[in-house]
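Letter by letter, the chains look like this.
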Amino acid sequence: MKNGETQRTTPVAADAAGAAPSRAATASAQDGEQHGTRQRVARSILDHGPSTAAELADRLALTQAAVRRHLDALAADGVVEAREKRVYGSRGRGRPAKVFALTDGGRDAFDHAYDALAVEALSFIARAAGGGERGAAAVLAFARERAKAQGERYRHRLEAAGEGAQERTRALAEALTQDGYAAMARTAPGAPGEQLCQHHCPVAHAAERFPQLCEAEAEVFSRLLGTHVQRLATIAHGDGVCTTFVPSAPSAGHRPASSPAPETPTTATPRTAGRNPA
């Protein structure tokens, strides 16, 4: 009798022992899948800018209910926040759509690892130059040198794209995306031209402290595109996307990308923080 009980009990114990890791493995796999989907939702917002639940569901082939669950979890973790959707032109009836944008903490989760180092380095440059206006000018000189080198990498691609504002802007967006800016170009609403949208900025925190980085970048965009560009919004200034307007018609006095125009020293001020005024 005891031997029989032992024989019956042993397989049951073995099954229980085997079932426990199986349940744990299943739960772990489900948690991993949920985490992976949330990362996809966050990445989609990074790549495309502030998005509605419907837009995310469409891009990721998920139900809106599933997307909202992930958005709730991301919001609870401080990764995303809800905002009213910005409307260009006249607003129709009804409540404005709600969009979800990455928080500063959410952006940090991607690739801001060197941002603190950049701030320290730029602060050192400013102090070494004597601070004040001299320090600001030294930071701007560094920012221009950095942006110039970046522009040189893009120049041949833009030259191959042709002379049209649309073709050049879209070629620039592709080049910026390869450098981690998650950029895209689209037809500007209500104006003849293009909008260059950068949904990510690897140096956003440094640019918030040192707007010369944004100023130098806008100058290079202007030279590459052969026209005066206008900064409408920047991540460094607290906007969800860096948005630059590129008019269709080239501006007088702007040279093509193959022949960079000489730089005119200017000093950024807090008023221009992150923006290139018209």
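Residues numbered from 1 in each chain as written. Predicted model: local features only at pLDDT ≥ 70, side-chain atom pairs only at ≥ 80, totals over all residues. Heavy atoms only, no water.

Next up on the list: the side chain of Arg 155. Positionally, Arg 155 belongs in helix 6 (residues 132-161). Here the side chain of Arg 155 touches Glu 152 through a polar contact of 3.3 Å, side chain to side chain. (Helix = DSSP H or I, 4+ residues; strand = E, 2+ residues; numbered from the N terminus. Polar contact = N/O pair within 3.5 Å; in protein donor to acceptor, adjacent residues only side chain to side chain.)

Looking now at the environment of Arg 59. Along the chain, Arg 59 turns up in helix 2 (residues 53-60). Counting along the chain gives 15 residues from Arg 59 to Ser 44, while the straight-line C-alpha distance between them is 7.9 Å. Ignoring anything within four residues of it in the chain, the contact list for Arg 59 reads Ser 44, His 48 and Ser 51. A distance of 2.8 Å separates the side chain of Arg 59 from the side chain of Ser 44, its partner in a polar contact. (Contact = heavy atoms within 4.5 Å.)

Reading across from one edge, 3-4-6-5 is the order of the four strands in this open sheet, with antiparallel pairing throughout. Since the sheet does not close on itself, it has two edges, and those belong to strand 3 (183-187) and strand 5 (230-233), each with one partner. Strand-to-strand twist in this sheet, taken as the mean axis angle between neighbours without regard to direction, amounts to 25°. Contacting strand 3, strand 4 (193-198) and strand 6 (242-247), helix 7 (residues 165-178) runs over the sheet at an angle of about 160° to strand 3. Running over the sheet, helix 9 (residues 212-225) touches strand 4, strand 5 and strand 6 and is turned about 130° from strand 5. (Pairing = 2+ DSSP bridges. Axes fitted to C-alpha atoms, helices over the stretch in contact; angles between N-to-C directions.)

Further remarks concern the nonpolar core. One finds Tyr 154, Leu 158, Leu 172, Leu 176 and Leu 213 to be the most contacted residues of the largest nonpolar core, which totals 35 residues. Secondary structure elements with two or more residues in this core: helix 5 (115-128), helix 6, helix 7, strand 3, helix 8 (204-209), helix 9 and strand 6. Among residues more than four places away in sequence, those in contact with Leu 172 are Tyr 154, Leu 158, Leu 196, Phe 221, Leu 224 and Leu 225. Core analysis: the second largest hydrophobic core is formed by 15 residues, Val 41, Ala 53, Leu 71 and Val 80 among them. (Core = buried A, V, L, I, M, F, W, Y, C linked by side-chain atoms within 4.5 Å. Buried < 20%, exposed > 50% of the residue type's maximum accessible area, 1.4 Å probe, protein only.)

With that settled, the discussion passes to the pairing of strand 6. Among the six residues that make up strand 6, six are buried, leaving the element largely enclosed by the rest of the structure. With six bridges joining them, strand 4 and strand 6 adopt antiparallel strand pairing. Counted as the bridge partner of Gln 195 is Phe 245 from strand 6. In this sheet, strand 6 lies alongside strand 5 in antiparallel orientation, the contact comprising three bridges. When the sheet's bridge partners are listed, Ala 233 is paired in strand 6 with Thr 243.

So, on to the confidence of the model for the protein. Of all residues in the protein, 72% have pLDDT values of 70 or greater, and the mean over the chain is 78. Mean pLDDT values over the elements of the protein span from 60, in helix 1 (residues 2-48), up to 95, in helix 9. Predicted confidence for residues 1-19 stays below pLDDT 50, and this span has one contact to residues more than four positions away or in other chains. (pLDDT = per-residue confidence, 0-100.)

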